[in-house]
Amino acid sequence: MTQRPVALITGATAGIGAAFARELAKTHDLVLVARDKARLEAMAAETTAARTTAAGTTAAGTGGAEVLAADLSTPEGCDLVAARITAADRPVDLLVNNAGMSLNTPFPRSSVEREELLLRLNVNAVMRLTLAALPGMTARGRGDIINVSSVSGFAAMMPGSTYPATKAWVTNFSESTGQLVRADGVRVMALCPGFTRTEFHQRAGIETAKTPSWLWLDAGSVVRDALRDLRKGKLVSVPSWKYKMVVFGVRHAPQALMRRVARGTRSRIGRGDH
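Computed from a predicted structure; not experimentally measured. Position labels on residues start from 1 in each chain and follow its written sequence. At least 70 in pLDDT is required for a residue's local features to be given in this predicted model, at least 80 for side-chain atom pairs to be given and counted, and no such filter applies to totals for whole chains, interfaces and linings, which use all residues. Water and hydrogen atoms were dropped before computing side-chain values, which therefore reflect all heavy atoms in the structure.

Glancing now at the overall build of the protein. Helix and strand counts for the protein come out as nine helices and seven strands. Residue contacts are counted whenever heavy atoms from the two residues lie within 4.5 Å of one another. Taking all contacts inside the protein whose residues are at least 6 apart in sequence as the whole, residues at least 24 apart take part in 67%. Reported accessibility uses the Shrake-Rupley method at a 1.4 Å probe radius. Residues are deemed covered only where the shown protein chains occlude them. Element-wise, carbon and sulfur atoms account for 57% of the exposed surface of the protein, whose accessible area totals about 13,200 Å². The way it works is that DSSP assigns letters per residue, a run of H or I at least four long becomes a helix, a run of E at least two long becomes a strand, and they are numbered from the N terminus.

Tracing the backbone shows Ala69 in strand S3 (residues 66-69). Measuring from C-alpha to C-alpha, the distance between Ala69 and Leu40 comes to 7.5 Å, with 29 residues separating the pair along the chain. What Ala69 contacts, discounting residues up to four positions off in sequence, is Ala34, Arg35, Lys37, Leu40 and Leu80.

Pairing of aromatic rings covers Phe, Tyr and Trp, the last counted by its six-membered ring, and requires centre-to-centre distances within 6.5 Å; plane angles under 30 degrees mean stacked, over 60 mean edge-to-face, and any other angle means tilted. In the structure shown here, the tally under the stated rule is one aromatic pair. Here the aromatic rings of Trp169 and Phe173 are separated by 4.6 Å at their centres, their planes lie at 10°, and the arrangement is stacked. Of the two residues, Trp169 and Phe173 both sit in helix H5 (residues 163-181), four residues apart, roughly one turn of that helix.

Let us now look at the nonpolar core. By nonpolar core we mean a set of buried residues, namely Ala, Val, Leu, Ile, Met, Phe, Trp, Tyr and Cys, connected to one another through side-chain atoms within 4.5 Å. For each residue, the accessible area found with a 1.4 Å probe, counting protein chains only, is set against the maximum for its type, and the residue is called buried under 20%, exposed over 50%, and partly exposed in between. The biggest cluster of nonpolar side chains holds 42 residues, and the ones touching the most others in it are Ile9, Phe20, Leu24, Leu30 and Leu32. Here Leu30 is in contact with Ala7, Ile9, Ala21, Leu24, Ala25, Thr47, Ala65 and Glu66, once residues within four sequence places are set aside.

Once that is clear, we can look at helix H4 (residues 112-140). One less than the residue count of a helix, multiplied by 1.5 Å, gives the span that helix is expected to have. Taking 1.5 Å of rise per residue, the 29 residues of H4 would be expected to cover 42 Å, and the 41 Å separating its terminal C-alpha atoms lies within 8% of that figure. Along H4, the largest kink reaches about 40° and is centred on Asn124. One or two steps after H4, the chain reaches Gly141, where phi turns positive at roughly 75°. Fitting one axis to the seven residues ending at a residue and another to the seven starting there, the bend at that residue is the angle between the two axes.

In this section: helix H3 (residues 75-85). All of the buried residues in H3 are Gly77, Cys78, Val81, Ala82, Arg84 and Ile85. Buried residues of H3, viewed axially, fall in a sector of 160°; they line one side. Those residues of H3 hidden inside the fold are in contact with strand S1 (6-10), strand S2 (29-34), S3, strand S4 (94-97) and H4. In this context, the arc is that of the directions from the helix axis out to the C-beta atoms.

This part takes up the pattern of salt bridges. Each salt bridge in this description consists of a side-chain nitrogen of Lys or Arg and a carboxyl oxygen of Asp or Glu lying within 4 Å of one another. In total, this model carries eleven salt bridges according to the counting rule given. Linking Arg4 and Asp29 is a salt bridge whose minimum nitrogen-to-oxygen distance equals 3.4 Å. A residue pair is termed long-range when its members are at least 10 positions apart, and Arg4 in the segment before S1 and Asp29 in strand S2 qualify at 25 residues. Relative accessible area serves as the criterion here: at 18%, Arg4 is assigned to the buried category. Residues Arg187 and Asp144 are paired through a salt bridge, measuring 2.6 Å at the closest nitrogen-oxygen approach. Residue Arg187 is located in strand S6 (residues 186-191), and its partner Asp144 is located in strand S5 (residues 143-148); the two are separated by 43 residues in the primary sequence. Residue classification places Asp144 among the buried positions, given a relative accessible area of 14%. Linked through salt bridges whose partners overlap, the residues forming this network are Asp225, Arg228, Asp229 and Lys234.

Time to look at the sheet that holds S1. Any two strands with at least two DSSP-identified bridges between them are counted as paired. Taken in spatial order, the seven strands of this open sheet run S3-S2-S1-S4-S5-S6-S7, and their pairing is parallel. At either margin of the open sheet sits one strand with a lone partner, and together these are S3 and strand S7 (236-237). Two elements, S5 and S6, share six bridges in a ladder whose sense is parallel. Within S6, the position partnered with Gly143 by the bridge is Val186. Packed onto the sheet, helix H1 (residues 15-24) meets S1, S2, S4, S5 and S6 and runs at close to 165° relative to S1. Geometry is summarised by axes, namely lines fitted to C-alpha atoms with helices restricted to the contacting stretch, and by angles between N-to-C directions that run from 0 to 180 degrees. Across the face of the sheet, H3 comes into contact with S1, S2, S3 and S4 while running at roughly 155° to S3.

Let us now look at empty space enclosed by the protein. A pocket, in this scheme, is an open set of points on a 1 Å grid over the protein atoms alone with protein on both sides within 12 Å along at least 5 of 7 lines, while a cavity is a set where a 1.4 Å probe fits but cannot get out; residues line either one if an atom lies within 4 Å of a point. Grid points are joined across faces, edges and corners, and a volume is the space filled by probe spheres set on the points. Applying the stated criterion across every chain, the model contains three cavities of 30 Å³ or more. Surrounding the largest cavity, Arg4, Ala25, His28, Asp29, Leu30, Thr47, Thr48, Arg51, Gly64 and Ala65 form its lining. At the level of elements, S2 and helix H2 (37-55) are the ones that each hand at least two residues to the lining of the largest cavity. Here the lining of the largest cavity takes three residues from H2, the largest share from any one element.

Tracing the sequence through the fold places Leu118 in helix H4. Take Leu118: its relative accessible area is 1%, and that puts it in the buried class. In this structure, the C-alpha to C-alpha distance between Leu118 and Thr166, residues 48 residues apart in sequence, is 8.1 Å. Residues within four places of Leu118 in sequence aside, it is in contact with Met101, Ser102, Leu103, Val123, Thr162, Tyr163 and Thr166.

Here it is as structure tokens:
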């Protein structure tokens, strides 16, 4: 029986990562990566059970989802996941770099340790795992990488926050790399959602009570839009018409106007963290 392709998802236990796991379980064997092994095993059990229910039985030779507990903010964690990506017997066909974090602290009140942690997870881990995946993918003439970025990376709309700067890097890196390897049959795409209902903001301690309800996206819809855009060969995916309009606005509005809008968001940065 032909084996299904393998998808590796980082940050797979919650939010967009969990939504990717649930959606890709329909078509791929999964490798789920996060720090919490217990939550990983629960997600693996959930996706395997859903797949068994849908198909009547688990496909031969798959054995359900693999779990890989790793802290991608450390070199050791990146090495562990990179080794799985390049495994000769079951290499990864689709890599989803979803793990990330934010700091609810304005830069002048932050610390070197916290800022370096942000960079290691949001930037360095994406670079390391993408670089691990690309040689094998290009040699095989196929493969996909989705790097989860954010609409916040398109402009300096969160004064004092360094999170958008990391996401600007992810988007630029993905678009540039995607242009380079598309001739080899490999697709690299940046996924740039807006506000999405996940644990992300709560974990970062970011206040969201004043964010209008119509701005919030559903993680499942974000993932389905992303996979559709990947199939179309897009280098950057911005889910939902409302955020497509936001991105168009920040790219084309006068800079003086954008700075005035950004000043209105300043009070949201660093709330509760002094």
